[in-house]
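These are the residues of each chain, in order.
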Amino acid sequence: MRLRIYKRKVVALLLALGAAACALALWGGGGGGSAVEAAGEEEAAAAAGGPASSSSLSAASSSSSSGGIPGGRPSNASWSPAAAGAWSASENETLRLRSLVYRLNFDQPVRQEALWTGRGAAAAGEAALAVVVQVHERPEHLRLLLASLRRAPGAEKVLLVLSHDVWSAELNALAAAVDFCAVLQVFFPFSRQLYPAEFPGSDPRDCPRDLGRAAALRRGCLNARYPDAFGHYREAAFAQTKHHWWWKLHFVWERVRVLRRRPPALVLFLEEDHYLAPDFYAALQALWALRRRDCPDCQLLSLGSYAAVRGGFGARADKAELKPWKSTEHNMGMAFGRDAYEELLACADAFCTYDDYNWDWTLQHLTVRCLPRFWKVLVPEVPRVFHTGDCGMHHRQACRPAAQAAKVDALLEANRQHLFPAAMSLAKRHALAPVSPHVKNGGWGDIRDHELCKSYRRLQ
């Protein structure tokens, strides 16, 4: 009975959110005034490429510096009534930000759309490509990624989708400066910034991470019955990344209207701390042609590698390898088509209930437990996507993205004569067998996370 009541509360939250989205849609279509104006004309201008100088936008932007939580509300363990009172002063700003995000996701303004739908479209024989970037709150990394995309021949043919989980004037300005390709910003509507003191953010009534289950039951905190496999309770900051990845996957494939009018053959998934080689577009097209020719049952292409690249590119730049997909090796610069997405869609329940807060380790689990067959991936011997983010959620050292990018540029410049292959050939076939996750990381035991995750396809 307790479980059913708990799930009912989650469903009530989702229904309320859906009703709000419908109301916004009707409002926008019924001539009852502009929702963007009601949320703030300056913020809308920033998202559409105009100036962003209002005090309210500054307040929204400053929230990201305190973990994306307006007012910088402390963690569950240190919450107090006084802290709650301090947060309530920014509650109206949070509600206004939610309204703006819902409206922008509904309107979907695409800048330079003609480059995707018209004269700039992919040539005959090329795969129409959407590049989707998951953006959190590291503007310097995003600036470098966009600069690397700008210099790449073929970039003008892609649709760039920036999927944000933080509203930030600085990030919006970077997006507005993209003038070399079609670009769309979308916003994860269940972020910690938009729900700072309630689920899916950190509800002060939730159990602290390390509270034992017996103590949690005595205390009566909201999620006392649902620790993870290691006895820990959810941490919103860690849960958000998996939520955002799964929501973004559905939204891009199902709800982005410009992609429904001109469906892509491939979607390349990147993160803000990735960095592109100048020939990433040419290499991806060559890999796609190789897949059609030599490996039609390869579900994924992967342009990235975490391994250090040593020596000259030489004869390797036009060679690829066939491997079983591993989350620790092939989660950077993943590209796949509608067929792979639909296989994932059939595994939504398995994805949403697997007790691991990492989306990539969860995918690894699906390859052996749910998908009709384990994933095979084509990987270039020379990577075309690099990592500048050796800091952040899983790292403790200081971020030095510019230094990392400079090292990559030096490597690419030393080998520029080997870039832009006319075609790729399959140089090596590795032993093909399913790869199981070597560990389950937990952090995803809360039933609210499960139910919200499963709702994304329905609540668009």
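Summarised in this report is the structure supplied together with it. (Residues numbered from 1 in each chain as written. Predicted model: local features only at pLDDT ≥ 70, side-chain atom pairs only at ≥ 80, totals over all residues. Heavy atoms only, no water.)

## Here's the deal with the overall build of the chain
- The helix and strand inventory of the chain stands at 19 helices and twelve strands.
- Residues counted as buried form 55% of the 460 residues belonging to the chain.
- If you take every contact in the chain between residues at least 6 apart in sequence, the share linking residues at least 24 apart comes to 81%.
- Carbon and sulfur atoms form 54% of the exposed surface of the chain, whose accessible area is close to 18700 Å². (Helix = DSSP H or I, 4+ residues; strand = E, 2+ residues; numbered from the N terminus. Buried < 20%, exposed > 50% of the residue type's maximum accessible area, 1.4 Å probe, protein only. Contact = heavy atoms within 4.5 Å. Areas by Shrake-Rupley, 256 points an atom, 1.4 Å probe, with all protein chains shown as cover.)

## A few points about the pairing of strand β5 (residues 266–271)
- Along β5, five of the six residues are buried, which leaves the element largely enclosed by surrounding structure.
- Where strand β2 (residues 129–135) and β5 come together, six bridges link them in parallel fashion. Looking across to β5, one finds that Val-132 is bridged to Phe-269.
- For β5 and strand β9 (residues 334–336), the ladder comprises three bridges, and the chain directions are antiparallel. Considered in β9, the bridge of Leu-268 is made with Ala-335. (Pairing = 2+ DSSP bridges.)

## Quick word on the nonpolar core
- Formed by 58 residues in total, the largest nonpolar core has its most connected members in Trp-246, Leu-249, Phe-336, Leu-344, Phe-351 and Leu-363.
- It is helix α11 (residues 236–255) that contributes the most residues to this core, eight residues altogether.
- Residues contacting Trp-246, with those up to four places away along its chain left out, are Leu-344, Ala-348, Phe-351, Cys-352, Cys-453 and Tyr-456.
- Membership of the second largest hydrophobic core comes to 45 residues, among which are Leu-149, Leu-160, Ala-286 and Leu-378. (Core = buried A, V, L, I, M, F, W, Y, C linked by side-chain atoms within 4.5 Å.)

## Focus on the pattern of salt bridges
- For the coordinates displayed, the defined rule picks out 29 salt bridges.
- Residue Asp-203 pairs with Arg-205 through a salt bridge whose shortest N-O separation is 2.9 Å. (Salt bridge = Lys/Arg side-chain N within 4 Å of Asp/Glu carboxyl O.)

## Quick word on the state of the cysteines
- Inspection of the entire model under this criterion finds four disulfides.
- Here Cys-347 engages in a disulfide with Cys-370; their sulfurs sit 2.1 Å apart. Since a negative S-S torsion denotes a left-handed disulfide, the Cys-347-Cys-370 link at about -100° is left-handed. Placement of Cys-347 in the loop between α15 (338–345) and α16 (348–353) and of Cys-370 in the loop between α17 (359–369) and β10 (376–380) is noted, with a sequence separation of 23 residues between them. (Disulfide = S-S within 2.5 Å.)

## Brief notes about the side chain of Ser-302
- Tracing the backbone through its elements, the reader meets Ser-302 in strand β7 (residues 300–302).
- A polar atom in the side chain of Ser-302 sits 3.5 Å from the backbone oxygen of His-330.
- A polar atom in the side chain of Ser-302 sits 3.5 Å from the backbone oxygen of Met-332. (Polar contact = N/O pair within 3.5 Å; in protein donor to acceptor, adjacent residues only side chain to side chain.)

## Regarding the sheet that holds β10
- Sheet architecture is open: ten strands sit in the order β1-β4-β3-β2-β5-β9-β7-β10-β8-β12, paired in mixed fashion. The outermost strands of the open sheet, each flanked by one partner alone, are β1 (110–111) and β12 (425–429).
- As defined by bridge partners, β1 adjoins strand β4 (residues 182–187) across two bridges and the pair is classed as antiparallel. Its bridge partner lying in β4, Arg-111 is registered against Val-183.

## What about the pairing of β10?
- Most of β10 is tucked away, with five of its five residues classed as buried.
- Alternating positions in β10 separate into two faces, Lys-376, Leu-378 and Pro-380 on one and Val-377 and Val-379 on the other, with burial throughout.
- By the bridge criterion, two bridges tie β7 to β10 in an arrangement that is parallel. The residue of β10 that forms the bridge with Leu-300 is Val-377.
- Bridge count for strand β8 (residues 319–324) against β10 is five bridges, and the pairing is antiparallel. Each bridged residue has a counterpart across the sheet, and for Leu-322 the counterpart in β10 is Leu-378.

## A word on the packing of α11 against α17
- Interhelical geometry of α11 versus α17 gives an angle of 60° and a closest axis separation of 9 Å. Classified by the angle their axes make, α11 and α17 are oblique. Taken together, the residues of α17 that come into contact with α11 (itself represented by Thr-241, Lys-242 and Trp-245) are Trp-359, Thr-362 and Leu-363.
- For the contact of α11 with α17, a count of residues per class yields three nonpolar, two polar and one charged. (Axes fitted to C-alpha atoms, helices over the stretch in contact; angles between N-to-C directions. Parallel < 35°, antiparallel > 145°, perpendicular 65-115°, else oblique. Nonpolar A, V, L, I, M, F, W, Y, C, P; charged D, E, K, R; others polar.)

## A short note on the packing of α11 against helix α19 (residues 447–455)
- Running from N to C, α11 and α19 cross one another at 15°; their axes reach a closest spacing of 9 Å. As summarised for this structure, α11 and α19 are arranged roughly parallel, according to the angle between their axes. The hand of the α11/α19 crossing is right-handed. Facing Ala-239, His-243 and Trp-246 of α11, the residues of α19 in contact are Asp-449, Leu-452 and Cys-453.
- A per-class count over the contact of α11 with α19 returns four nonpolar, one polar and one charged. (Left-handed = near helix turned anticlockwise from the far one by under 90°.)

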